[in-house]
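One letter stands for each residue in the lines below.
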Amino acid sequence: MSGIEPMKGIIHHGDVVINAVPARLLEDALKNGEGIMAANGALAVRTGKYTGRSPRDRYIVDSQSVHQQIDWGPINQPIAEEEYQRLFYRLAAYLQERRVYIFDGYCGAHPSHRVAVRIVNQYAWQNLFIHQLLIRPTEEELESFVPEMTVICAPGFQADPAVDATASEAFVMLHLEKREIIIGGTHYAGEIKKAIFTTMNYLLTERGICPMHCSANRSEEGQVALFFGLSGTGKTTLSANPSRRLIGDDEHGWADDGVFNMEGGCYAKCIHLSREHEPQIWEAIRCGSVLENVVLDEKTRYPDYDSDLLTENSRAAYPVDNIPNAVIPGIGGHPDTILFLTADAFGVLPPIAHLTTEQAIYYFLSGYTSKLAGTERGITSPQATFSTGFGEPFLPRFPQVYADLLRNRIVRHQTRVYLVNTGWTQGPYGIGRRIHLPLTRAMVRAAVNGDLSNIEMRMDPHFGFAVPLRCPDVPQELLDPRTTWTSPDDYDRTAQKLADDFRVNFQRFCGLDPAIRAAGPVSR
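Heads up: these notes are all about the structure in this document. Counting restarts for each chain, with residues numbered from 1 along the sequence as it is written. In keeping with the predicted nature of the model, local features appear solely for residues at pLDDT of at least 70, side-chain atom pairs appear and are counted solely at 80 or more, and the whole-chain, interface and lining totals rest on all residues. In computing side-chain values, all of the structure's heavy atoms are included and hydrogens and water are not.

### As for the overall build of the protein chain
Each helix is a run of DSSP H or I of at least 4 residues and each strand a run of E of at least 2, with the numbering of both proceeding from the N terminus. Per the secondary structure count, the protein chain includes 13 helices and 30 strands. For 524 residues, the compact-globule estimate of 2.2 N^0.38 gives 24 Å, and the protein chain sits close to it at 23 Å. By principal-axis analysis of the C-alpha atoms, the protein chain measures approximately 70 × 55 × 45 Å. Only protein chains enter the calculation, and the probe is 1.4 Å; a residue is then buried if its accessible area is under 20% of its type maximum, exposed if over 50%, and partly exposed in between. Every one of the 524 residues in the protein chain was classed for burial, and the buried ones make up 60%. Residue contacts follow a heavy-atom distance rule, with two residues in contact if any of their heavy atoms lie within 4.5 Å. Look at the contacts in the protein chain between residues 6 or more apart in sequence, and 72% of them connect residues 24 or more apart. Working definition of accessibility: Shrake-Rupley area with a 1.4 Å probe, residue cover restricted to the visible protein chains. For the protein chain, the computed accessible surface area is about 20,400 Å², with 49% contributed by carbon and sulfur atoms. Atoms counted for the radius of gyration: C-alpha only. Globule rule: 2.2 Å times the number of residues to the power 0.38.

### Structural notes on the packing of helix α3 (residues 124–133) against helix α6 (residues 190–206)
Axis definition: a line fitted to C-alpha atoms, limited for helices to the stretch in contact. Angles are taken between N-to-C directions and run from 0 to 180 degrees. At a minimum axis distance of 10 Å, the contact between α3 and α6 shows a crossing angle of 45°. Relative to α6, α3 is oriented oblique. Taken as a pair, α3 and α6 cross one another with a handedness that is right-handed. When α3 is examined against α6, the residues Gln126, Phe129, Ile130 and Leu133 are found in contact with a partner set consisting of Gly190, Ile192, Lys193 and Ile196. Under this grouping Gly is polar, as are all residues other than the nonpolar Ala, Val, Leu, Ile, Met, Phe, Trp, Tyr, Cys and Pro and the charged Asp, Glu, Lys and Arg. Looking at side-chain class alone, the contact of α3 with α6 contains five nonpolar, two polar and one charged residues. For classification purposes, an angle smaller than 35 degrees is called roughly parallel, one larger than 145 roughly antiparallel, one from 65 to 115 roughly perpendicular, and anything else oblique. Crossings are classed by handedness, with left-handed meaning an anticlockwise turn of the near helix from the far one by less than a right angle and right-handed meaning a clockwise turn.

### Side note on the side chain of Thr388
Among the structural elements, Thr388 can be located in the loop between β25 (383–386) and α10 (399–413). Under the relative-accessibility criterion, Thr388 is labelled buried at 1%. Looking at Thr388, its side chain comes within polar contact range of the side chain of Arg508, at 3.1 Å. Throughout this description, a polar contact denotes any pair of N or O atoms lying within 3.5 Å of each other; where both atoms belong to protein, one of them has to be capable of donating a hydrogen while the other can accept it, and for residues adjacent in sequence the pair is counted only when both atoms sit in side chains.

### Some words on a negative patch on the surface
Taken together, the side chains of Asp297, Glu298, Asp304 and Asp306 make up a negatively charged region of the molecular surface. One can find Asp297 in the loop between β18 (295–296) and β19 (303–304). On the accessibility criterion, Asp297 (36% relative accessible area) is partly exposed. Put simply, a patch holds well-exposed residues, over 30% relative accessible area, that have no salt bridge, with like charges counted together within 9 Å and Val, Leu, Ile, Met, Phe, Trp or Tyr side chains within 5 Å. Think of a salt bridge as a Lys or Arg side-chain nitrogen and an Asp or Glu carboxyl oxygen that are within 4 Å of each other. Just so you know, the count uses Lys and Arg for positive and Asp and Glu for negative, and it drops His and the chain ends. Charge positions come from single atoms, namely NZ of Lys, CZ of Arg, CG of Asp or CD of Glu.

### Here's the deal with the sheet that holds strand β7 (residues 115–121)
Pairing between strands is defined by DSSP: at least two bridges between the two strands are required. Judged by pairing direction, the sheet is mixed, and its eight strands sit side by side in the order β1-β6-β7-β8-β10-β9-β4-β5 without closing on themselves. Only two strands of the sheet have a single neighbouring strand rather than two, namely β1 (16–18) and β5 (77–79). Along the sheet, successive strands turn relative to each other by an average axial angle of 20°, direction set aside. Pairing of strand β4 (residues 58–61) with strand β9 (residues 171–175), which is carried by three bridges, proceeds in the parallel orientation. Across the sheet, Arg58 pairs through a bridge with Val172, a residue of β9. The strands that α3 touches are β6 (100–107), β7 and β8 (149–154); relative to β6, the one it contacts most, it runs at about 10°.

### Quick look at the pairing of strand β20 (residues 315–319)
In terms of residue burial, β20 counts as a mostly covered element, since five of its five residues are buried. Residue alternation in β20 divides its side chains into two sets, Arg315, Ala317 and Pro319 and Ala316 and Tyr318, and both sets are buried. Relative to β20, strand β16 (residues 265–269) runs antiparallel, the two being bridged by five bridges. The partner of Tyr267 across the bridge, within β20, is Ala317. The pairing of strand β17 (residues 290–292) with β20 spans three bridges and is classified as antiparallel.

### Comments concerning the packing of helix α9 (residues 357–366) against α10
Running from N to C, α9 and α10 point in directions that differ by 150°, and their axes come no closer than 10 Å. By the angle class used here, α9 and α10 are roughly antiparallel. Crossing handedness for the pair α9 and α10: right-handed. Listed contacts from α10 to Thr357, Glu358, Ala360, Ile361, Phe364 and Leu365 of α9 are Pro399, Tyr402, Ala403, Leu406, Arg407, Ile410 and Val411. Looking at the contact of α9 with α10, its residues break down into ten nonpolar, one polar and two charged.

### Points about the packing of aromatic side chains
Only Phe, Tyr and Trp rings take part, Trp by its six-membered ring, and two of them pair if their centres are within 6.5 Å. Stacked means planes under 30 degrees apart, edge-to-face means over 60, and tilted covers everything else. Scanning all chains against the criterion turns up 26 aromatic pairs. Ring geometry for Phe228 versus Phe364: centroids 6.0 Å apart, planes at 90°, classification edge-to-face. Taken together, the positions of Phe228 in strand β12 (residues 224–228) and Phe364 in helix α9 put the pair 136 residues apart, joining distant regions of the chain. Of the two residues, Phe228 and Phe364, both sit in the buried class. Here the aromatic rings of Phe340 and Phe390 are separated by 5.1 Å at their centres, their planes lie at 35°, and the arrangement is tilted. Note that Phe340 is positioned in strand β22 (residues 335–342) and Phe390 in the loop between β25 and α10, a separation of 50 residues in sequence. Pair check on accessibility: Phe340 and Phe390 agree, each one buried. Taken together through their ring pairs, the aromatic side chains of Tyr362, Tyr363, Tyr368, Phe386, Phe463, Phe465, Phe502, Phe506 and Phe509 make up a single cluster. One Lys or Arg, Arg114, reaches over the ring of Tyr106 and ends 3.7 Å from the middle of that ring. Counted as over-ring charges are cases with an Arg CZ or a Lys NZ within 6 Å of the ring centre that also lie within 35 degrees of the ring normal.

Purely geometric stuff here, so don't read any function into it on its own.
Dropping the structure here:
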């Protein structure tokens, strides 16, 4: 097909492959040399220089209608309309005579809240990636499909910082007023997914919907649980539970009629993936899936999920219906339970704690986890990391907008909220050990089943939240991290340092309810 208008107002003269089935996209990707076939049937690709998102290369167009709504700064960097347009037309010219792949799909499983998205890709493998991650329309829906958002991604096109006012050759630019996204210079497909999510985080709030960086599942009886957390804290692993049904693994909206998955697929972190601990994810990675920067054995082509030769951020993209008992469409009721996941490498947070509503908003705004030594250049010891909403890079509006939406829903639906530490115990990283996944699963199970509601609690002296004295199938001593340390005095010093880090970080938030500010760690 040629001569259609895949980009708004731009006539394209090259070949256009539109809404191809995964088999065709896989065939083209292999024929074009974009990747190779893994032994499990997945397409294995490498993304070169960029193996993760590039935050310093993401921009939002500073147009008149959005200027007052955006929390401008180092995360939401402004770029002028004329600079965006100049780059847009150069990108379109680059694609003029090239074959492009188009996918039309929906972001949002709920018919009343979804947004129709058109994706234009330079590469077949990236079109396969987004085909598996967004919601695929029926043939009848495609006949009347009208895109409300357009994404153009051409990794082979590079910006010129001297001309385009960019920081490097890579760029991700969001024009929220026009609902356009342009991406170039980076092959990392996660930029497409997260740029769409960021745009949804802007659009949904206008409809009174709370957008959330979380996974979700439900019981057979319909009880919904949400799992908030930054990368590496266990969102995907803990929500993919054989005893519950998966709604989605990463991005959701909470509307007046319940929660809904924004996506139709999963983007799972693969490092140290094992069939024993994550059987559902392991089996979901098969023909039609995309493996990003996963090392393959040279002879057998079996994935080596333990290898970090290319990156620790190795990924797998697959349709959510590859997970047995997934909820299709990804819609659920109002959550009974919310779990904030954090991988505390300092080893001082309890493995589970109950939060009041005010504490829930405090820890939502804090969005704490920790970076480990060796994961980034210059990091030689664990470092506290704070990311508002457990997804600050994807929140274009001011933090309080999202906090107010979440707080109102927690109060209205009397949702239980817990902080779950999936990190270290018996000491910090390098001395202690990571909490065993089966024990974390047992605590999560107790929380979502309501088994902790009537258990006696103690008040944590450093952080002020309630910690259960016992939990089914969990050793009692694990629930009080201080007792697991060789030196209780070292524990107290480390816990106080982390509490101080929370308070320092929270100083950046202004105009909050004093009860929320008072809900943080105890002052000493």
